[in-house]
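# Commentary on secondary and tertiary structure
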Amino acid sequence: MSRLPNDQDDARVNRFSSSASLSNTHSVNMSQLAARLEPYSDKKPISDVRRTFCLFVTFDLLFVGLLWIIELNVDGGIIHSLESEVIHYDFHKSYFDIFLLALFRFLMLVLAYALCRLNHWWVIAITTAVTSAFLIVKVIVSKLLVQGTAFAYLLPIISFILAWIETWFLDFKVLPQEAKDENRVFTVAEHAPLIIPGPLSDGQFYSPPESVVDSDEEDDAERSKYISAAAMWMQFSLKGTVEKFLIAELLNSPNTRIHFGEE
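Residues numbered from 1 in each chain as written. Predicted model: local features only at pLDDT ≥ 70, side-chain atom pairs only at ≥ 80, totals over all residues. Heavy atoms only, no water.

## A few points about the overall build of the chain
The helix and strand inventory of the chain stands at eight helices and zero strands. Reading the secondary structure of the chain in the N-to-C direction produces α-α-α-α-α-α-α-α. Residue burial in the chain is summarised as follows: out of 263 residues, 24% are buried. A fraction of 77% describes how many contacts in the chain between residues 6 or more apart in sequence connect residues 24 or more apart. When the accessible surface of the chain is summed, it comes to about 18500 Å², and 66% of that surface belongs to carbon and sulfur atoms. (Helix = DSSP H or I, 4+ residues; strand = E, 2+ residues; numbered from the N terminus. Buried < 20%, exposed > 50% of the residue type's maximum accessible area, 1.4 Å probe, protein only. Contact = heavy atoms within 4.5 Å. Areas by Shrake-Rupley, 256 points an atom, 1.4 Å probe, with all protein chains shown as cover.)

## A few points about the nonpolar core
Judged by nonpolar contacts, the single largest core of 32 residues is most densely connected at Phe53, Tyr95, Leu109, Tyr113 and Leu170. Secondary-structure elements contributing two or more residues to this core are α2 (48-74), α4 (96-115), α5 (122-141) and α7 (150-191). Those residues in contact with tyrosine 95 that lie beyond four places of it in its chain are Trp68, Glu71, Glu85, Leu144, Thr149, Phe151, Ala152 and Leu155. (Core = buried A, V, L, I, M, F, W, Y, C linked by side-chain atoms within 4.5 Å.)

## Let's talk about the packing of aromatic side chains
For the structure on display, the rule yields ten aromatic pairs. Ring centres of phenylalanine 53 and tyrosine 113 lie 5.8 Å apart, and the angle between their planes is 90°; on these two criteria the pair is classed as edge-to-face. Placement of phenylalanine 53 in helix α2 and of tyrosine 113 in helix α4 is noted, with a sequence separation of 60 residues between them. As far as burial versus exposure is concerned, phenylalanine 53 and tyrosine 113 are alike and both buried. Connected via pairs of aromatic rings, a cluster forms that spans Phe53, Tyr113, Trp168, Phe169 and Phe172. Between the NZ or CZ atom of lysine 138 and the centre of the ring of phenylalanine 91, over which it lies, the distance is 4.7 Å. (Phe/Tyr/Trp six-rings, centres within 6.5 Å; stacked < 30°, edge-to-face > 60°. Lys NZ or Arg CZ within 6 Å of the ring centre and 35° of its normal.)

## Points about the side chain of glutamate 71
Tracing the chain through its elements places glutamate 71 in helix α2. Contacts of glutamate 71, omitting those with residues within four sequence positions, involve Glu85, Tyr95 and Phe151.

## A look at empty space enclosed by the protein
Tallied over the full model, the rule gives one cavity of 30 Å³ or more. Of the voids in this model, the largest cavity is the one considered here, and its volume is about 60 Å³. What lines the largest cavity is simply Tyr95, Ile98, Lys138, Val139, Ser142, Leu144, Leu145, Ala152 and Pro156. Sorting the residues of the lining of the largest cavity by element identifies α5, α6 (144-147) and α7 as the ones contributing at least two each. Residues that form the lining of the largest cavity fall into these classes: seven nonpolar, one polar and one charged. (1 Å grid on protein atoms, 1.4 Å probe; cavity = no way out; pocket = protein on both sides within 12 Å on 5 of 7 lines; lining within 4 Å. Points joined across faces, edges and corners; volume = space filled by probe spheres on them. Nonpolar A, V, L, I, M, F, W, Y, C, P; charged D, E, K, R; others polar.)

## Concerning a nonpolar patch on the surface
Together, Val139, Leu145, Tyr153, Ile157, Phe160, Ile161, Trp164 and Ile165 line one region of the surface with nonpolar side chains, adding up to about 690 Å² of accessible area. Residue contributions to the nonpolar patch peak at six residues, all from α7. On the basis of relative accessibility, which here comes to 38%, the residue valine 139 falls in the partly exposed class. (Patch = residues over 30% accessible without salt bridge, like charges linked within 9 Å, V, L, I, M, F, W, Y side chains within 5 Å. Salt bridge = Lys/Arg side-chain N within 4 Å of Asp/Glu carboxyl O.)

## Considerations on the packing of α4 against α5
Axis separation between α4 and α5 bottoms out at 9 Å; the angle between their running directions is 175°. Considering the angle they form, α4 stands roughly antiparallel to α5. Residues Asp97, Ile98, Leu101, Phe104, Arg105, Met108, Leu109, Ala112 and Tyr113 of α4 lie in contact with α5, whose contacting residues are Trp122, Val123, Ile124, Thr127, Val130, Thr131, Phe134, Leu135 and Lys138. Of the residues belonging to the contact of α4 with α5, the class tally is 13 nonpolar, two polar and three charged. (Axes fitted to C-alpha atoms, helices over the stretch in contact; angles between N-to-C directions. Parallel < 35°, antiparallel > 145°, perpendicular 65-115°, else oblique.)

## A look at α2
An α-helical turn contains 3.6 residues, so any two residues separated by three or four positions project in the same direction. Taking 1.5 Å of rise per residue, the 27 residues of α2 would be expected to cover 39 Å, and the 39 Å separating its terminal C-alpha atoms lies within 8% of that figure. Positioned one or two residues after α2, glycine 76 has a phi angle of 105°, which is positive. (Expected span 1.5 Å × (residues − 1).)

## Points about the environment of leucine 175
As for its placement among the helices and strands, leucine 175 is situated in helix α7. Put simply, leucine 175 and leucine 118 are 57 residues apart on the chain and 9.6 Å apart in space, counted from C-alpha to C-alpha.

## Some remarks on unusual backbone geometry
Of note, arginine 117 is a non-glycine position whose phi angle comes to about 55°, a positive value. If you trace the backbone, arginine 117 turns up in the loop between α4 and α5. Judged by relative accessible area, which is 45%, arginine 117 ranks as partly exposed.

Next up, the structure:
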């Protein structure tokens, strides 16, 4: 009668091991899903392609500013040129507005696409339209082309080209690449298991105790049957192998002669 408590203990141990194994499966599935989603998670404050776009916008401002500073030094000193172009500003003779236009593009684009992280092209459409319209009017109305200097042609052309390169880069590189990354995250999440088994309670598994008291004797009898059957199989296998070996030796021996009788 002491068999029943041991069976109940074994059943309880099996139940706890099953629950623990399913809990481990749950943790493994969650860890695998987290590992697959980790490269596309929001750990990075900004994507690589968007950061490259912001660097190019910064280059736009610095390059136009550098050209403007060079132009100030060419005309007889930076202090005198600053007074004539900034303090005594004249739309027809000053390059200061082109530098302000580059600063306007920098502030608008960095604020929209680096700080606010917009996923639409309307901001850069505004900056490019304003830049293009202003430069066209500047070239038509300005008297700088009469002077024949290189900066009269260089600054408007460089500003126009950089503005349109920024538009192309955002519309054909930044936004499509980020859309692909987002779709890839959704694809990984869809392929992950939708229902992950959670930790199970103790009452979800029940193993009833054995109803036969003399199960030990039956187990011993069954075990002896299996052992005797295995020993008999091994004996017949060994005997057949030896007989095959002897027959092969007799057939390969040169002294062996086989006579077939006539009927």
